[in-house]
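A structural walkthrough
Next come the chains, spelled out residue by residue.
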Amino acid sequence: MRPDGPAMAAPEESLRRRKTGHSDPQPESPPAPGCDPAGSPAHLHAGTFWLTRIVLLKALAFVYFVAFLVAFHQNKQLIGDRGLLPCRAYLRSVQQYFQGRVGWEALSYAPTVLWLMDWSDMNSNLDLLALLGLGVSAFVLITGCANMLLMAALWGLYTSLVNVGQIWYSFGWESQLLETGFLGIFLCPLWTLSRLPRHTPTSRIVLWGFRWLIFRIMLGAPKVQRRSWQEHQGSHTASPPHSRDGRPHSRTEVTTTQQRRASPQQHRGHHHTAETGVPTAGQRSPHSRDGHPHSSTEVTTTQQRRVSPQQHRGHRHTVVGFPPQGLIKIRGDRCWRDLTCMDFHYETQPVPNPMAYYLHRSPWWFHRFETLSNHFIELLVPFFLFLGRRACMVHGVLQILFQAVLIVSGNLSFLNWLTMVPSLACFDDAALACLFPSGPGSLKDRVLHMQREARGARPEPRFGPAVRRAANVSLGVLLAWLSVPVVLNLLSSRQVMNTSFNPLRIVNTYGAFGSVTKERTEVVLQGTASPNASAPDAVWEDYEFKCKPGDPSRRPCLISPYHYRLDWLMWFAAFQTYEHNEWILRLAGKLLAGDAVALSLLAHSPFEGRPPPRWVRGEHYRYKFSRPGGSHAAQGKWWVRKRIGTYFPPVSLQELRAYFRDRGEPLPEPL
């Protein structure tokens, strides 16, 4: 008996729709919770990442823009033709080491497009790279669309700067930006410049690459600690690896007749490491090789051990950095286990901001809560990534909020802004829909149509998408392979932080020793016009840096995500001697010559409009925040400082002649 009534026709029609693929997707996959209110005509479904790609690209482009802006403003002074550590000399040293050839070994040792450019005007080359980076990143930031060529250009340009930046680019966020930028290349279609490239959906492999990155950053790295300065010097030496005549560079120690004898108590700060205050084996006073202060002018040279590129490469890609958090805390400073680290962090961090001044005086219980919260976010929350969509989104929210708190409480360059980028991969289109306007023809409306089309039709086989899928799988295999030493390092009790195991820094380890310095010391550079530096009536005047603490009455700066590289290196230098930081003597020589390029790195020169000083010296001070409402604060002082001793003795331009001659550099000429 043939049923032909309406009650039986409906199931048959439903069956036909299912067979032909035209069934309504709503009952099969209800809209996931997100920003859009229920019943919205443009309520997106979970599981696609079209809008996620736009947000990721814009966030990454913003960080690139800041990084290239810093490079444009500071590269000439730091690594330019008349910079403190000229990159031309560095590249010539690398070239000389490889018998004058610019072959594969030299390129893999220092990957940079500067090998292919004219070195006669390195300032123009550096400006060109920075301006190109600014232009491309601004385009991606404004439009939200990019292709693989543009993102590869950004990555290549910044790689070129990092690999000639020497000590100035030796921070962990440089490698983190390169790894994040490398993943960003594979977010995009090869040629198409469209925010919604229909035939190139966001790869799940790339998204998991971002998630794997944030997992390693959080679990494996500490919060604003410093690592051994000896390791830092071994990683990005201030000098090129070898001299231009093929011999290892020498390290010159400069002492003068004006140097005052100091007691061991005065110089105690110079003998201590930044982490523990324990003297390091073989570490010397800056004033003599036998531990006693010099009493006469002496210039001595110590030879560095000659190393092969293979030996040096492992050190060269070990960098100083401060990503937040991780296992290293538990293995490191005891203060992370007894919850007292935050008692010191705000005062001793590299470049405090005004909020740090007040947070430092928070109640003890608040500091304990902060430390416990750090442990929770760093050690437990990263595993939320593997517990499904909702838990992954909770991870993203917590990590972004955590980075926002760090931004508010300190000037950590663009590090925290950069760390937010991989966390964005935790959100799909349904979660990010609220960031985009609704309406016919809007991005959200177009994504909704694409979601419906994808559910209602089988995609036609195309050559381009097939090649792209193969490339994404190859990327996943590459990331897995390069992650093997990183995971082994993460699990090791002798964990190495901020290290790249490949010259392109595609997969790296992050962090530093989990130690927090308990007191803040600063190097204050001073100059005098007196002909006799040791005269009692000699007037010494302070040079003021742009952001680091100096004048106790100056309010802490607020510059994040911008970054003053010299100020950060001055913070590091305060934990060691000037012998470990030769660039300070180069800076002193340029101050003695009144060099305008070097002076542009500073906020104030006391000799502006006057002849340069005859002598420059470095003084070592201990800094503490003044107490709000106290007597010093009433006088307008944010800091209270006390002199520890001499950091480096008074030097004149004539006394630095041997230092510059030893490096084959011209003596800075006074104006």
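Above this text is the structure in question.
Residue positions are counted from 1 within each chain, in the order its sequence is given. Local features in a predicted model are, by the rule used here, given only for residues with pLDDT of at least 70; side-chain atom pairs are given and counted only at 80 or more, and totals for whole chains, interfaces and linings are based on all residues. Hydrogens and water are ignored here; the side-chain numbers use all heavy atoms of the structure.

Two strands pair under a simple rule: DSSP has to find at least two bridges between them. Strands here mean DSSP runs of E at least two residues long; helices mean DSSP runs of H or I at least four residues long; both are numbered from the N terminus. Taken in spatial order, the 4 strands of this open sheet run E4-E3-E7-E8, and their pairing is antiparallel. A single partner strand is all that each edge strand has here, and the edge strands are strand E4 (541-542) and strand E8 (639-651). Pairing analysis gives 2 bridges linking strand E3 (residues 520-528) to E4, with the strands arranged antiparallel. Note on E4: the bridge partner recorded for Gln 526 is Asp 542.

Glancing now at the environment of Ile 377. Following the sequence through the fold, Ile 377 ends up in helix H15 (residues 364-380). Exposure classes here rest on a 1.4 Å probe applied to the protein chains alone. A residue is buried below 20% of its type maximum, exposed above 50%, and partly exposed in between. Owing to a relative accessible area of 10%, Ile 377 belongs among the buried residues under this scheme. Leaving out residues up to four positions away in the same chain, Ile 377 has contacts with Pro 382, Gln 399 and Phe 402. Every residue pair with non-hydrogen atoms within 4.5 Å of one another is taken to be in contact.

Right, let's talk about the packing of aromatic side chains for a bit. In this scheme Phe, Tyr and Trp rings, the latter by its six-membered ring, pair at centre separations within 6.5 Å, and the angle between planes marks the pair as stacked below 30 degrees, edge-to-face above 60, and tilted otherwise. Tallied over the full model, the rule gives 34 aromatic pairs. Between Tyr 647 and Phe 648, the ring centres sit 6.4 Å apart and the planes meet at 70°, which makes this aromatic pair edge-to-face. Residue Tyr 647 is classed as buried on the basis of its relative accessible area of 0%. Among the residues examined, Phe 648 registers a relative accessible area of 1% and is labelled buried.

Each neighbour pair has its own omega, and for Ser 560 with Pro 561 the value is 15°, a cis peptide bond. If you trace the backbone, Pro 561 turns up in the loop between strand E5 (544-545) and helix H21 (565-573). Despite not being glycine, Gln 99 shows a phi value in the positive range, around 60°. Turning to its location among the elements, Gln 99 is positioned in the loop between helix H3 (87-97) and helix H4 (104-109). Judged by relative accessible area, Gln 99 falls into the exposed class, the value being 57%. The backbone phi angle of Gln 166 is positive, close to 55°, even though this residue is not glycine. Here Gln 166 shows up in the loop between helix H6 (148-162) and helix H7 (172-185).

Further remarks concern the environment of Glu 655. With respect to the helices, strands and loops of the structure, Glu 655 is situated in the loop between E8 and helix H25 (657-662). With a relative accessible area of 18%, Glu 655 lands in the buried category. A sequence separation of 40 residues divides Glu 655 from Trp 615, and the C-alpha atoms of the two residues are 10.0 Å apart.

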